[in-house]
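Structural overview for review
In case you want the letters, here they are:
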Amino acid sequence: MTHWPKVVVATPAHSALAGPLTYRSELPLAPGTLVRVPLGKREVLGVVWESAADSGGLLEMQTKNIAGVLDGMAPLAASWRALVSFTSGYYQRSLGEVALAALPPQLRELTGEQLARRLKRRVLDTSGAQDTADLPALSEQQEAALAEWGAESHGKNRPALLFGATGSGKTEVYLRLAARVLGQDPSAQVLVMVPEINLTPQLEARFAERFAHLGSERVVALHSGLTPAQRLKSWLAAHAGHARLILGTRMAVLASMPQLKLIVVDEEHDPSYKQQEGARYSARDLAVYRASTQGDCRVLLGSATPSLESWQATISGKYQLLTMSDRIGANSETGGLPLIRGIDMNHQPKHCVIAPPLVEAIQARIARGEQSLIFLNRRGYAPVLACHDCGWKSECPHCSAYRVFHKIDRTLRCHHCGYTERVPRACPTCGNIDIAPVGRGTERLEEHLSELLGNIKRPDGGAVRIARIDADSTRLKGALQSQLASVHAGEVDVLVGTQMIAKGHDFRHITLVAAINPDGALFSSDFRAPERLFSLLMQAAGRAGRDAARSGASQMWVQTFHPQHPLFAALKTHDYPQFAAQQLQERQAAGLSPFGFSALVRAEAKTQDLAQGFLNAAMASAQLAGLEGHDRISAYPAVPMTIQRVANIERAQMLVESASRTALQRFLAAWQPLLLATRKQGDFKSLIRWAIDVDPLAI
Ligand code: ADP
Ligand code: ZN
Ligand code: ZN
């Protein structure tokens, strides 16, 4: 008997082939089976989505045969297919694009036999029991959080938010919960998600060590830093249920884990959970969705500074709130958190980069053999190079942005398109040889610090050791790991860096953290900028005094020209709830997330007019057609993006908002075909690309 399976393949985002394609097969194929199918002149990987008994009216002659079946592997479960369908619908991308992107790339190259060989080689060591003797005794707050979580597990399956100060021992709570879930059910799987795995090598080690008794192949990592072969191996282990604990970044949320019972999302507020290309999904939001739809699976979000979306959900009762306010081993009134000192830069010497009292405080730390961390969220030497005679600035010829001056190799580099040139000897416009850096990045700060601190001696009489960690210093493979290791080993006295050093690290000897110039974000047009700044500063503060013995004396210094800003008042008292309340009030008044929903449609073209014209025309036809939901959304006229031109391409965006998530969803789904049709009209044919970003991070 002939069968007519419908197969999804990786189709371009907005092609006419977006739905499953019908093929022909002599054997029945269960939904979720991986197959190889002909597509045009190629043969590609596909997933059987439905098995149909007839050809659905297609001419049988024109229907091609399935080329091969990857039958060594169990079909992808219905729950996984449901997750992919939801992701594709919610984020307005094709099913095939989402499904295929969720599979490890190497799977595309394997034949059925090759896959079968890989699966056969698998011999698993048996798992032993966990040795509970060396586990640390839990703090009262950790006990309470675990008990509250446990109290709900039989009732309504609400997501929980662990609101725990930096150093309060959230990771230990994750470890205990994971152990509990894995212990209760010998087939259960646990997914632990982290924002960027390479920033926290410690965490991976901690999980591997704690669950070593399961056997080495039972704990796997899934992230983009793996080789294709490693990624395939981890993915297959998760799919087969061999992997019991999966530690991964955002991509892991879409992995096949048929026995998934617990998802932990660490640092749930982190922007890197949002995918910034292709299907722009939020892995945090998908984790919540996945737990709510995949049988008895629960999700725990954790953060010291939760996203306002998650925080609001605890206020409305949608999420359970678990709180741990004190650092482990804390005995002081501050809960062991560092003292926050604001420095009013209006009262410091003009043009000083680091206020004299802060310089003294750093010097004192060096003399005592303690570490300081100096945080500046801008890499390079100086953001701009300028001629003061004629006003020339180091603009990128291809972007509406300045090229950054990197002194180390004397280049001007565009951080948007990558265009790099040697620094000119003289001003390209007027010939003045006195061109000078304007502003300051980490490279220049490092140089400045060595001038300020050069003659300070360490307790052993040695010279001060300054190091810098940012995207430039860590370009080479393994560089970040070794630089972090030398900080941990106490081989660095003063560490300068970008947000890479502010996040997550469990540095034990840092007693002073300083934010040099955080003001930019206070007046940004991006409504999430204050939230991000607050969380970054709290995270940075969290790097100080992680060793309980030193936590009493630890400090965070913040230099600002706006000491009266409410953000700093909340920061001083480590009062996230106060900060959140104030922000939520503003957002409610403005109808912004989490009180309103939005999507951005972006378009790129040779000219700004064309990009904007396309968006405006597509919206006009939506209004004209009276699309479903059009009366419940507000659309704003298209505007240039903040960085309007990148690599000679003009970029525009249109904001679409609604008080109703459903109305917005329905509108977007109905609008897609019109966007496609508009693109086929006249000049719009030359549009380079367009895409929808649902729940965008910045609008
Ligand atoms: P967070 O993730 O909340 O910032 P961590 O989980 O990294 O905090 O914990 C901070 C430090 O406290 C870590 O070094 C951890 O090993 C230690 N720790 C956590 N829980 C306990 C405990 N119950 N007893 C002793 N030390 C603990
Ligand atoms: Zn000049
Ligand atoms: Zn550029």
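What comes next concerns the included structure. (Residues numbered from 1 in each chain as written. Chains lettered and ligands numbered in written order. Predicted model: local features only at pLDDT ≥ 70, side-chain atom pairs only at ≥ 80, totals over all residues. Heavy atoms only, no water.)

Description of the overall build of the chain
Across its full length, the chain holds 19 helices and 28 strands. In summary, the chain has a C-alpha radius of gyration of 27 Å against a globular reference of 27 Å for 699 residues, a match within 12%. Overall, the chain is about 85 × 70 × 50 Å in size when its C-alpha atoms are taken along their principal axes. Taking all 699 residues of the chain together, 54% fall into the buried category. In the chain, once contacts between residues fewer than 6 apart in sequence are set aside, the share between residues at least 24 apart is 75%. (Helix = DSSP H or I, 4+ residues; strand = E, 2+ residues; numbered from the N terminus. Rg over C-alpha atoms; globule rule 2.2 N^0.38 Å. Buried < 20%, exposed > 50% of the residue type's maximum accessible area, 1.4 Å probe, protein only. Contact = heavy atoms within 4.5 Å.)

Things to note about the environment of Q92
With respect to the helices and strands, Q92 occurs in the loop between α1 (78–90) and α2 (95–101). Expressed as a C-alpha distance, the spacing of Q92 and A279, which sit 187 residues apart in the sequence, is 7.6 Å. When sequence neighbours within four positions are dropped, the list of residues in contact with Q92 reads T87, Q665, L668, A669, Q672, I692 and V694. Of note is the side chain of Q92, whose polar atom sits 3.3 Å from the backbone oxygen of G89. (Polar contact = N/O pair within 3.5 Å; in protein donor to acceptor, adjacent residues only side chain to side chain.)

Some words on the coordination of the zinc ion (ligand 2)
The zinc ion (ligand 2) binds to the protein through C387 (SG), C390 (SG), C427 (SG) and C430 (SG), with metal-donor distances spanning 2.2 to 2.3 Å. Classification of the site at the zinc ion (ligand 2) rests on its four donor atoms, whose angles at the metal span 103 to 114°, yielding the label tetrahedral. Mapping the donors of the zinc ion (ligand 2) onto the primary sequence yields the spacing C-x2-C-x36-C-x2-C. One end of the pair, C387, is in strand β15 (residues 384–387); the other, C430, is in the loop between β18 (420–422) and β19 (435–438), with 43 residues separating them in the sequence. (Donors = N, O, S within 2.8 Å, 3.2 Å for Na, K, Ca; no water. Tetrahedral: all angles 85-135°; square planar, octahedral: opposite > 155°, others 65-115°.)

Focus on the sheet that holds strand β12 (residues 320–324)
The strand order across the open sheet formed by seven strands is β8-β9-β7-β10-β11-β6-β12, and the pairing between neighbours is parallel. Single-partner strands in this sheet number two, and they are β8 (219–222) and β12. Looking at each pair of strands side by side, their axes are set apart by 20° on average, direction ignored. Looking at chain direction, strand β10 (residues 260–266) and strand β11 (residues 298–303) are connected through five bridges and run parallel. Paired with D266 across the two strands is G302, which belongs to β11. Packing of helix α5 (residues 170–184) onto the sheet brings it into contact with β6 (160–164), β7 (189–193), β9 (245–248), β10, β11 and β12, and relative to β10 it is tilted by some 175°. In the packing of helix α7 (residues 228–240) onto the sheet, the strands contacted are β7, β8 and β9, and the crossing angle to β8 comes to about 125°. (Pairing = 2+ DSSP bridges. Axes fitted to C-alpha atoms, helices over the stretch in contact; angles between N-to-C directions.)

Looking at the coordination of the zinc ion (ligand 3)
For the zinc ion (ligand 3), the full set of protein donor atoms is C396 (SG), C399 (SG), C414 (SG) and C417 (SG), and the range of their distances to it is 2.3 Å. For the zinc ion (ligand 3), the four donor atoms are set out with angles of 105 to 112° between them, so the coordination reads as tetrahedral. For C399, a relative accessible area of 1% puts it in the buried group.

Looking at the site of ligand 1
Taken together, 18 residues sit near ligand 1, with A137, Q142, G167, K170 and D506 positioned nearest. For ligand 1, an oxygen atom lies 2.7 Å from a polar atom in the backbone of G167. K170 is positioned such that a nitrogen or oxygen atom in its backbone is 2.9 Å from an oxygen atom of ligand 1. Protein chains shield 77% of the accessible area of ligand 1, which is 560 Å² for the free molecule. Per element, the largest residue contribution to the shell around ligand 1 is three residues, and it comes from α5. (Near = heavy atom within 4 Å. Areas by Shrake-Rupley, 256 points an atom, 1.4 Å probe, with all protein chains shown as cover.)

A few points about the environment of E172
Mapped onto the elements, E172 comes out in helix α5. The class for E172 is buried, based on a relative accessible area of 6%. C-alpha separation for the pair E172 and W311, spaced 139 residues apart in sequence, amounts to 22 Å. Look past the residues within four positions of E172 in its chain and what remains in contact with it is P136, L138, Q142, R206 and R210.

Here we look at unusual backbone geometry
As a rule of thumb, non-glycine residues mostly have phi less than zero, and peptide bonds are mostly trans rather than cis. Of note, the amide linkage connecting S593 to P594 takes the cis form, showing an omega dihedral of 5°. If you trace the backbone, P594 turns up in the loop between α17 (576–590) and β24 (597–605). Despite not being glycine, Q92 has its phi angle at roughly 60°, a positive value. Phi at E267 takes a positive value of approximately 50°, unusual for a residue other than glycine. Mapped onto the elements of the fold, E267 is located in the loop between β10 and α8 (283–293). For E267, a relative accessible area of 12% corresponds to the buried category.

Some words on the packing of aromatic side chains
A complete count under the given rule lists 14 aromatic pairs for this structure. Measuring from centroid to centroid gives 4.8 Å for Y90 and Y91, while their planes differ by 80°, and the two rings are edge-to-face. Accessibility expressed as a relative area gives 11% for Y90, which makes it buried. Seen in terms of ring centroids, F207 and F211 are 6.3 Å apart; in terms of plane orientation they differ by 20°. Their pairing is stacked. Above the face of the W149 ring, R298 is positioned so that its terminal group lies 3.7 Å from the ring centre. For R341, the ring lying beneath its charged end belongs to W557, and the centroid distance is 4.2 Å. (Phe/Tyr/Trp six-rings, centres within 6.5 Å; stacked < 30°, edge-to-face > 60°. Lys NZ or Arg CZ within 6 Å of the ring centre and 35° of its normal.)

Looking at the pairing of strand β21 (residues 494–497)
With burial as the criterion, each face of β21 is covered, one bearing V494 and V496 and the other bearing L495 and G497. Here strand β14 (residues 371–375) pairs with β21 via four bridges, running parallel. For F375, the partnering residue across the bridge sits in β21 and is G497. As paired elements, strand β20 (residues 466–469) and β21 share four bridges and run parallel to each other. Bridging from a neighbouring strand, I469 pairs with G497 of β21. A crossover links β20 with its parallel partner β21, the connecting element being helix α12 (residues 479–488), and its sense is right-handed. (Right-handed = clockwise from strand over helix to strand, strands pointing away.)

Brief notes about the layout of surface pockets
Empty space within the second largest pocket amounts to approximately 930 Å³. H223, S224, G225, T249 and M251 are the residues nearest the centre of the second largest pocket, which is lined by 38 residues in total. Sorting the residues of the lining of the second largest pocket by element identifies α2, α6 (201–210), α7 and α12 as the ones contributing at least two each. It is α2 that contributes the most residues to the lining of the second largest pocket, three residues altogether. (1 Å grid on protein atoms, 1.4 Å probe; cavity = no way out; pocket = protein on both sides within 12 Å on 5 of 7 lines; lining within 4 Å. Points joined across faces, edges and corners; volume = space filled by probe spheres on them.)

Quick notes on empty space enclosed by the protein
Under the definition given, this model contains two cavities of 30 Å³ or more. Considering only enclosed or pocket space, the largest cavity measures out at about 50 Å³ in volume. As for the largest cavity, its lining consists of F527, G591, L592, S593, G596, F597, S598, E657 and I699. A per-class count over the lining of the largest cavity returns four nonpolar, four polar and one charged. Quantified by volume, the second largest cavity comes out at close to 30 Å³. (Nonpolar A, V, L, I, M, F, W, Y, C, P; charged D, E, K, R; others polar.)

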